[in-house]
Structures are given as structure tokens and as C-alpha cells.
Amino acid sequence: LEGVLMTREIWLGLEKSQQIEVVAQLAAGLKELHAREFQSVDFDWRQFVEAQAANALERQKARGVNAEILNRLPRYLEESRPLLPADFTSVFLHGDVHFGNLRLQMKQGKWRISGLFDFADSLAGFYEFDFLAVGLLMIQGQGDLQRELFRAYGYRDHEIDAELRRRLMLMTILYDCSDLRRYALRLKPEAVDFSLDKLERAIWNFL
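What you see is a predicted model, and the numbers here were worked out from it, not measured in a lab. (Residues numbered from 1 in each chain as written. Predicted model: local features only at pLDDT ≥ 70, side-chain atom pairs only at ≥ 80, totals over all residues. Heavy atoms only, no water.)

1. Focus: the layout of surface pockets
In step 1: Reported here for the largest pocket is a volume of approximately 270 Å³.
In step 2: Taken together, 13 residues make up the lining of the largest pocket; nearest its centre are G29, L30, I113, G115 and L116.
In step 3: Where the lining of the largest pocket is concerned, the elements lending two or more residues are α2 (16-34) and β3 (110-116).
In step 4: When the residues that make up the lining of the largest pocket are grouped by side-chain class, the tally is 7 nonpolar, 4 polar and 2 charged.
In step 5: The space that makes up the second largest pocket amounts to roughly 150 Å³.
In step 6: Surrounding the second largest pocket, W45, R46, V49, E50, R81, L84, P85, A86 and F88 form its lining.
In step 7: Across the lining of the second largest pocket, the residue classes break down as 6 nonpolar, no polar and 3 charged. (1 Å grid on protein atoms, 1.4 Å probe; cavity = no way out; pocket = protein on both sides within 12 Å on 5 of 7 lines; lining within 4 Å. Points joined across faces, edges and corners; volume = space filled by probe spheres on them. Helix = DSSP H or I, 4+ residues; strand = E, 2+ residues; numbered from the N terminus. Nonpolar A, V, L, I, M, F, W, Y, C, P; charged D, E, K, R; others polar.)

Laid out in C-alpha cells, this is it:
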């Protein structure tokens, strides 16, 4: 693929208008990807959710998450699971969209996405799952960019609400490589002591 790797250091040094433009391109690309045929992808989304929920506590315990989060986690999952729609149209999911799997080119003084690769983690399921790696590894804690991502994908402002935030945090926990301690450290060192609800608001801070 043509283009270069966008590092987080370069990203954080870009003007906000350029970041918004790249995020909008990414949202448009995801929407196009989600419209592609996926019947050849043999993946059971509901079975995946059940399995991830069943081992979520042990997975986070192994990552060294604080005791307050571990105590809260079972109830949090119980409260939040109904936010995942039972009746939805499955889409093809890349599953791992982040800077390492993107290439960008500078054209006429602006960064443009030139390619997305590494489909090894592809699956089929609920489309919002593809927002996770973007939100956790590219624009974590950048609430204004998170809002622009959702808007560019097609969300209306009233849909970018607390329910969306909770649903994204639920899927963050269900993510196959979920590591809440690591995500907290990416925010700031003291975030490792946050409660689960406070960590939700810190990671997905678009409200």
C-alpha cells in the first residue's frame, strides 16, 4: 500500500481540523466496509458475546485491574447487556482499526487515508464493534474527535448519548483483547485507580 505509518506522536501534533478530516475519512471508510458482502465470514456474534461476558472477570483480573472494578464488573455487565440490540443486521467487521493498520499520504498539504490492511481479526456482527480500536487506540480520551467520528458515520447529535457511551464501554470489556488497566494507563497513570463508571466516562468522553 502507498503511504506511511501515522504514529500517535505525529497525530497529536496535527491541527484539530486535520484530525477531524482524517476521522471523517475513517468513518466513511468503515461505513463502506460495513456495507460489503460478508456471508463467507463464518462467525457467531451472539456466541462470541456470551463467551466474552463469561470470562470477562477472569480476563481483567489477569490484567491487574483494581479491586473496585473487579467487584463492580459482574453487576455492570448484567445492567449493560440489554443495551446490545438483539435484533440487528450483522455487518462485516475489520475488528482492529488503528494507526498500525492504516497508511496515510500527504496530498496538497493534507493527510489522506490511503489504505487499511490486516484483516486477520475480521468477524461479523454489530457495526459499533469497529469503533472500539479507533476509540481505544487512536482517539481515546479525545471526546471531540469521538463525536466527529460518530457524526461522520451518520449519527445524529441526540444519538450520541449516555446509552451509546455505556454500550461502547460494554463492548470495550467484551473486546477479545480487552485490557482495562492498559487503557487507563493510556489516559494517565492515576486512571488505574478509577472506578469502572469513571473509567467509562474517561475513555469514552464525548459527552
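On we go from here.
2. Digging into the packing of helix α3 (residues 45-62) against helix α4 (residues 67-80)
In step 1: Here α3 crosses α4 at 165°, and the two axes come no closer than 10 Å. Accordingly, the angle class assigned to the pair α3 and α4 is roughly antiparallel. Here the hand of the crossing between α3 and α4 comes out right-handed. On α4, the residues that touch A53, A56, L57, Q60 and K61 of α3 are L70, L73, P74 and L77.
In step 2: A class-by-class count of the residues in the contact of α3 with α4 yields 7 nonpolar, 1 polar and 1 charged. (Axes fitted to C-alpha atoms, helices over the stretch in contact; angles between N-to-C directions. Parallel < 35°, antiparallel > 145°, perpendicular 65-115°, else oblique. Left-handed = near helix turned anticlockwise from the far one by under 90°. Contact = heavy atoms within 4.5 Å.)

3. As for the pattern of salt bridges
In step 1: For the structure shown, the criterion picks out 18 salt bridges.
In step 2: D144 is paired through a salt bridge with K16; the nearest N and O atoms lie 2.5 Å apart. With D144 in helix α6 (residues 143-153) and K16 in helix α2, this pair connects stretches of sequence that are 128 residues apart.
In step 3: You can call K16 partly exposed: its relative accessible area is 38%.
In step 4: Residues participating in the shared-partner salt-bridge network are R72, R75, E79, R165, R166, D197 and E200. (Salt bridge = Lys/Arg side-chain N within 4 Å of Asp/Glu carboxyl O. Buried < 20%, exposed > 50% of the residue type's maximum accessible area, 1.4 Å probe, protein only.)

4. As for empty space enclosed by the protein
Gaps between atoms show up when a probe of the same size as a water molecule is rolled over them.
In step 1: For the structure shown, the criterion picks out 1 cavity of 30 Å³ or more.
In step 2: Volume-wise, the largest cavity comes out at about 40 Å³.
In step 3: Together, G64, V65, N66, I69, L180, R181, A184, V192 and L199 line the largest cavity.
In step 4: Sorting elements by how many residues they give to the lining of the largest cavity places helix α8 (residues 180-187) first, with 3 residues.
In step 5: A per-class count over the lining of the largest cavity returns 6 nonpolar, 2 polar and 1 charged.

5. What to know about the side chain of R147
In step 1: Checked against the element boundaries, R147 lands in helix α6.
In step 2: Classification of R147 by relative accessible area gives buried; the value is 18%.
In step 3: The residues contacting R147, other than those within four sequence positions of it, are D157, I160, F206 and L207.

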